[in-house]
Amino acid sequence: MSVSTAAADQSLCTPLPVLGRDVTVPLVTGGEVTYAALDYAASAPALQRVWDDVAAYAPYYGSVHRGAGYLSQLSTDLFENARRTVAEFLGCRAGDQVVFTRSTTDSLNLLARAIPAGCQVFVFETEHHASLLPWQHAHVTYLDAPRTPGQAVEILERALAGRDPYGPALVCVTGASNVTGELWPVRELAAAAHAHGARIVLDAAQLAPHHPVSVTDLDVDWIAFSGHKLYAPFGSGVLAGRADWLQAAEPYLAGGGASRRVTRREDGGVAVEWHETAARHEAGSPNVIGAYAIAAACKALTEAGWDSLVAREQHLIDKVRAGLAEVPEVRVLSLFGDDAPRVGVLSFVVDGWNSSHFAAALSAEYGIGVRDGLFCAHPLVRTLLGTDPQTQGECGAPEAAPGEKSLNAIRVSFGAGTPDEHVDRFVNAVRELVRDGAKWQYRTEEGRCVPAV
């Protein structure tokens, strides 16, 4: 390897500074270790730059849109500039709206409230509950889990071909699975939806933190994502895309900010004229700091360079996959096969171990934070594990419904802030636990596996 190539590789492997990178945690076996946060798919740690930007703004905090004071005007400019930054980050089209919400879940529930009457909704059973469940009051068709990207497009096309061709329709699909990390064929699914007169919303909660996401390039109608997965603090999210359904719908929340004018009627009631801008669905005092934090994260990721970020993450993915492949007892879960491209999210089971027990040992004995369970994607995990469940261990096995097997898995996830050492420690810990067993005794407490004291 040349010196220049080695230097380039080294630059790709430099993690972005995040909060908590130096936090130490105690081990049940004694001593402390730097915490290895490998649960990015649930919540990524905030970038240090985002936190610093928020802290710099905090003294100038003021209520937006309706204040005459300097701080209110400053905050209003900051809030609306954040909206423009997010629109640019997402490659929005002229006329698209960016609505600030609480989360991906909130964004998709907002859209579910805004779909026209009689709208048919098509959603794969493989979705996270945030995109699987909001459509309960619509005419929903749940699609079976595909086993290849091409099959996903075929399944959708068959379903759309049988729909009412004269009514509105919406397809909801993830960009990257929160269970397997696998990338979905979004462009092809969008093309299939539009060919059959349907619209499409992309759940980008797991995609946006790992890859560039563009409304225009992917040709989707809406994108939803959460700030807390995009290296911003909790409590903020985005729904971005076409304005017409949002403008035609009753406000998601009724209240100040959503209303342009309110007057008394002769019959004693009130008449309301609602805004047609994004404010229509942002009633109340908005989360200005949350919106600003999302915009700061968008800027930080863009300036870091997506090519470098994606290459560095692929380096970590390759490390994890190679390490797990050396342990025969480990089975990595996949819909599309081992060679399917993915983001830094992998779920697996270990022969002879209950997943809750294994995750508890990783935490208590190695200072590694992963996740275990069904990952708010119960139908998908049951599909992946239902015909070959892991052997239950003595600790942490969740209660199963009558006649139903107890299923759970382990998920490791990482991203722009993950150093190589955390991934190396994880791989070594998996190898040691499988080979030597846990060093500590564990018990079940309120459904969780915890070290026995």
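Our structure is the block above this text.
Residues numbered from 1 in each chain as written. Predicted model: local features only at pLDDT ≥ 70, side-chain atom pairs only at ≥ 80, totals over all residues. Heavy atoms only, no water.

## A few points about helix H10 (residues 288-304)
Consideration 1: Between its terminal C-alpha atoms H10 stretches 24 Å, which fits the 24 Å expected from 17 residues at 1.5 Å a residue.
Consideration 2: Turning to H10, its buried residues number three or more, namely Val288, Gly290, Ala291, Ala293, Ile294, Ala295, Ala296, Ala297, Cys298, Ala300 and Leu301.
Consideration 3: As for H10, its buried residues are in contact with helix H2 (48-57), helix H3 (70-89), strand E4 (97-101), strand E9 (222-226), strand E10 (237-241) and helix H11 (306-325).
Consideration 4: Gly305 lies just past H10 and shows a positive phi near 95 degrees. (Helix = DSSP H or I, 4+ residues; strand = E, 2+ residues; numbered from the N terminus. Expected span 1.5 Å × (residues − 1). Buried < 20%, exposed > 50% of the residue type's maximum accessible area, 1.4 Å probe, protein only. Contact = heavy atoms within 4.5 Å.)

## Some points on the state of the cysteines
Should the sulfur atoms of two cysteines be covalently bonded, the bond is a disulfide.
Consideration 1: A full pass over the atoms with the stated rule returns zero disulfides.
Consideration 2: With no disulfide of its own, Cys92 has Cys298 as its nearest cysteine by sulfur position, at a separation of 10 Å.
Consideration 3: Counting only cysteine sulfurs, Cys172 is the nearest neighbor of Cys119, a cysteine outside any disulfide, at a range of 11 Å.
Consideration 4: Given a relative accessible area of 3%, Cys119 falls into the buried group. (Disulfide = S-S within 2.5 Å.)

## Remarks on a nonpolar patch on the surface
Consideration 1: A contiguous nonpolar surface patch, about 340 Å² in accessible area, is contributed by Tyr60, Tyr70 and Leu71.
Consideration 2: Locating Leu71 in the fold gives a position in helix H3. (Patch = residues over 30% accessible without salt bridge, like charges linked within 9 Å, V, L, I, M, F, W, Y side chains within 5 Å. Areas by Shrake-Rupley, 256 points an atom, 1.4 Å probe, with all protein chains shown as cover. Salt bridge = Lys/Arg side-chain N within 4 Å of Asp/Glu carboxyl O.)

## Side note on the pattern of salt bridges
Consideration 1: By the definition in use, this model includes 20 salt bridges.
Consideration 2: Ionic pairing is found between Arg49 and Glu303, a salt bridge with its closest N-O pair at 2.6 Å. Taken together, the residues Arg49 in helix H2 and Glu303 in helix H10 connect sequence positions 254 residues apart.
Consideration 3: By relative accessible area, which is 33% here, Arg49 ends up partly exposed.
Consideration 4: Given a relative accessible area of 56%, Glu303 falls into the exposed group.
Consideration 5: As a salt-bridge pair, Glu80 and Arg83 come within 2.8 Å of each other at their nearest N and O atoms. Taken together, the residues span about one helical turn, with Glu80 and Arg83 both in helix H3 at a distance of three residues.
Consideration 6: Residue Glu80 is classed as partly exposed on the basis of its relative accessible area, which comes to 21%.
Consideration 7: Each of Asp39, Arg371 and Arg411 takes part in a single network of salt bridges with overlapping partners.

## Some points on the layout of surface pockets
If a probe the size of a water molecule is rolled over the atoms, the empty space left behind becomes visible.
Consideration 1: Here the largest pocket defines a volume of roughly 360 Å³.
Consideration 2: Along the wall of the largest pocket there are 17 residues; nearest its centre are Arg187, Leu207, His211, Pro212 and Leu218.
Consideration 3: Ranked by residue count, the leading element in the lining of the largest pocket is helix H7 (residues 186-195), at three residues.
Consideration 4: A per-class count over the lining of the largest pocket returns ten nonpolar, four polar and three charged. (1 Å grid on protein atoms, 1.4 Å probe; cavity = no way out; pocket = protein on both sides within 12 Å on 5 of 7 lines; lining within 4 Å. Points joined across faces, edges and corners; volume = space filled by probe spheres on them. Nonpolar A, V, L, I, M, F, W, Y, C, P; charged D, E, K, R; others polar.)

## Observations concerning the sheet that holds strand E5 (residues 120-124)
Consideration 1: Sheet architecture is open: seven strands sit in the order E4-E10-E9-E8-E7-E5-E6, paired in mixed fashion. Strands with a single pairing partner mark the edges of an open sheet, and in this sheet they are E4 and strand E6 (139-143). Taken over all neighbouring pairs, the strand axes of this sheet differ in orientation by 20 degrees on average, direction set aside.
Consideration 2: Here five bridges tie E9 to E10, and the two strands are oriented antiparallel to one another. (Pairing = 2+ DSSP bridges. Axes fitted to C-alpha atoms, helices over the stretch in contact; angles between N-to-C directions.)

That's the geometry; what it means functionally is another story.
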